[in-house]
Amino acid sequence: MSAILEIFGIEILECEYTDASEESLQYENVTFFIESLSVYNGKIIEVLHDWKIKVWDEQGSVIDIFYLIENGEFREKLYQKYPL
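Residues numbered from 1 in each chain as written. Predicted model: local features only at pLDDT ≥ 70, side-chain atom pairs only at ≥ 80, totals over all residues. Heavy atoms only, no water.

Trainee: Run through the overall build of the protein chain, naming residues and quoting values.
Mentor: Looking only at helices and strands, the protein chain has one helix and eight strands in total. Expected size for 84 residues packed as a compact globule is a radius of gyration near 12 Å; at 12 Å, the protein chain falls within 12% of this value. Principal axes of the C-alpha set define a box for the protein chain whose edges measure 40 × 25 × 25 Å. Sequence-distant contacts, at least 24 apart, represent 24% of the contacts inside the protein chain between residues at least 6 apart. Just so you have it, the protein chain exposes about 5400 Å², and 51% of that area is on carbon and sulfur atoms. Charge-centre separation for the protein chain: the mean point of 6 positive side chains lies 7 Å from the mean point of 17 negative side chains. (Helix = DSSP H or I, 4+ residues; strand = E, 2+ residues; numbered from the N terminus. Rg over C-alpha atoms; globule rule 2.2 N^0.38 Å. Contact = heavy atoms within 4.5 Å. Areas by Shrake-Rupley, 256 points an atom, 1.4 Å probe, with all protein chains shown as cover. Lys, Arg positive; Asp, Glu negative; His and termini not counted. Charge placed at Lys NZ, Arg CZ, Asp CG, Glu CD.)

If you want it as structure tokens, here you go:
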């Protein structure tokens, strides 16, 4: 079963499987719709409730942590959709 993560009407990623915990949602074997994040395709992505994103490798180690708003491509799409 596939699922899509969409934030503010912007599609972020598609995945094969999701899992929820009290602190976050986990997306497995993701495909990002944001080109600059495509380096993480196939990885496990955890999205915390404050929109912090953790990227996990196959061995269960965190390889990157960031807020989506820090990504320039996402920010550009967001501001195009909702101009200041």
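Trainee: Lay out the sheet that holds strand β1 (residues 3–7) with the relevant residues and their values.
Mentor: What the three strands build is an open sheet, ordered β1-β2-β5; its pairing is antiparallel. If you trace the sheet from one side to the other, it starts and ends with β1 and β5 (31–32), each paired once. As paired elements, strand β2 (residues 10–15) and β5 share two bridges and run antiparallel to each other. Following the sheet pairing, Glu 14 is matched in β5 by Thr 31. Against the sheet, helix α1 (residues 72–81) contacts β1 and β2, and its axis sits at roughly 135° relative to β2. (Pairing = 2+ DSSP bridges. Axes fitted to C-alpha atoms, helices over the stretch in contact; angles between N-to-C directions.)

Trainee: Lay out the nonpolar core in plain terms, naming residues and giving numbers.
Mentor: Among the nonpolar cores identified, the biggest contains 20 residues, and Ile 12, Leu 13, Tyr 27, Phe 32, Ile 45, Leu 68 and Phe 74 are the most heavily contacted of them. Sorting the residues of this core by element identifies β1, β2, β6 (44–48), β7 (52–56) and α1 as the ones contributing at least two each. Considering every element that reaches this core, the biggest residue donor is β2, with four residues. With residues near it in sequence (within four places) discarded, Ile 45 still touches Leu 13, Leu 25, Gln 26, Tyr 27, Val 30, Phe 32, Tyr 40, Ile 53, Lys 54 and Val 55. (Core = buried A, V, L, I, M, F, W, Y, C linked by side-chain atoms within 4.5 Å. Buried < 20%, exposed > 50% of the residue type's maximum accessible area, 1.4 Å probe, protein only.)

Trainee: Give a description of the sheet that holds β6 that names residues and reports values.
Mentor: Working definition: the strands of a sheet are paired by backbone hydrogen bonds and lie parallel or antiparallel to each other. As summarised here, the arrangement of the five strands in space is β3-β4-β6-β7-β8, forming an open sheet in which the pairing is antiparallel. Each having just a single partner strand, β3 (17–20) and β8 (62–67) make up the two edges of the open sheet. Pairs of neighbouring strands in the sheet enclose a mean axial angle of 20°, with direction left out of account. Here strand β4 (residues 24–28) pairs with β6 via four bridges, running antiparallel. Paired with Gln 26 across the bridge in β6 is Glu 46.

By themselves these figures say nothing about function.
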